[in-house]
Amino acid sequence: MENKKTALIIGAGPAGLTAAYELLKRTDYKPIIFEMSSDIGGISKTINYKGNRIDIGGHRFFSKSERVMNWWQQILPLEGADSLETVESEIKYHNKNSTIQQKPDGPSPDKTDRVMLLRQRLS
């Protein structure tokens, strides 16, 4: 039997899930996540209340860190510029140090859930 090290992670929000994922990917630690509620995702979720869907918490993702944005694009590729949901053919998101741009061959949200949607909005 293999004797792995254990890492205890409190909370199944974005930070806790990311920590567990990175530990699995990069180390020999076995992450164990403790979550108080029966949900994962922290406060960034949609709940169903009496047949109505209600968004709670942040539903937009933005980081000034190019490293963080690149990490997320490995998990959820940016939606393609040819997507039916895209209002403009090119949407650019400007960070302080870089520009993230849709690619024509990116995945379509009409065909897969594994896609990061881009919307031109300010918070």
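Residues numbered from 1 in each chain as written. Predicted model: local features only at pLDDT ≥ 70, side-chain atom pairs only at ≥ 80, totals over all residues. Heavy atoms only, no water.

**Topic: the overall build of the chain**
Point 1. Within the chain, the regular secondary structure consists of 2 helices and 6 strands.
Point 2. Each helix and strand of the chain, ordered N terminal to C terminal, gives the series β-α-β-β-β-α-β-β.
Point 3. Taking the contacts inside the chain whose residues are at least 6 apart along the sequence as the reference set, 50% of them involve residues at least 24 apart.
Point 4. Summed over all atoms, the accessible surface of the chain reaches about 9700 Å², with 53% contributed by carbon and sulfur. (Helix = DSSP H or I, 4+ residues; strand = E, 2+ residues; numbered from the N terminus. Contact = heavy atoms within 4.5 Å. Areas by Shrake-Rupley, 256 points an atom, 1.4 Å probe, with all protein chains shown as cover.)

**Description of the side chain of Glu-22**
Point 1. With respect to the helices and strands, the residue Glu-22 is situated in helix α1 (residues 14–26).
Point 2. Assessed through its relative accessible area of 16%, Glu-22 is described here as buried.
Point 3. One polar contact links Glu-22 to Arg-26, side chain to side chain, over a distance of 2.2 Å.
Point 4. When residues no more than four places from it in sequence are discounted, the contact partners of Glu-22 are Thr-27 and Trp-71. (Buried < 20%, exposed > 50% of the residue type's maximum accessible area, 1.4 Å probe, protein only. Polar contact = N/O pair within 3.5 Å; in protein donor to acceptor, adjacent residues only side chain to side chain.)

**Some words on a nonpolar patch on the surface**
Point 1. Side chains of Ile-43, Tyr-49, Ile-54 and Ile-56 sit close together on the surface and give an oily, nonpolar patch of about 380 Å² of accessible area.
Point 2. Mapped onto the secondary structure, Ile-54 falls in strand β4 (residues 52–56).
Point 3. Of the residues examined, Ile-54 reaches a relative accessible area of 35% and is grouped as partly exposed. (Patch = residues over 30% accessible without salt bridge, like charges linked within 9 Å, V, L, I, M, F, W, Y side chains within 5 Å. Salt bridge = Lys/Arg side-chain N within 4 Å of Asp/Glu carboxyl O.)

**Considering unusual backbone geometry**
Point 1. With phi around 50°, Lys-50 is a residue other than glycine that occupies positive phi space.
Point 2. For Lys-50, the location among the structural elements is in the loop between β3 (45–49) and β4.

**Structural notes on the packing of aromatic side chains**
Point 1. Across all of its chains, the model carries 2 aromatic pairs by this definition.
Point 2. An angle of 85° between the planes, with centres 5.8 Å apart, marks the rings of Tyr-21 and Trp-71 as edge-to-face. You can see Tyr-21 sitting in helix α1 and its partner Trp-71 sitting in helix α2 (residues 66–75), a full 50 residues away along the chain.
Point 3. Centre to centre, the rings of Trp-71 and Trp-72 are 5.0 Å apart; their planes meet at 85°, and the pair counts as edge-to-face.
Point 4. Ring-pair connections join several aromatic residues into one group, and the members of that group are Tyr-21, Trp-71 and Trp-72. (Phe/Tyr/Trp six-rings, centres within 6.5 Å; stacked < 30°, edge-to-face > 60°.)

Don't take any of this as a statement about function, it's just geometry.
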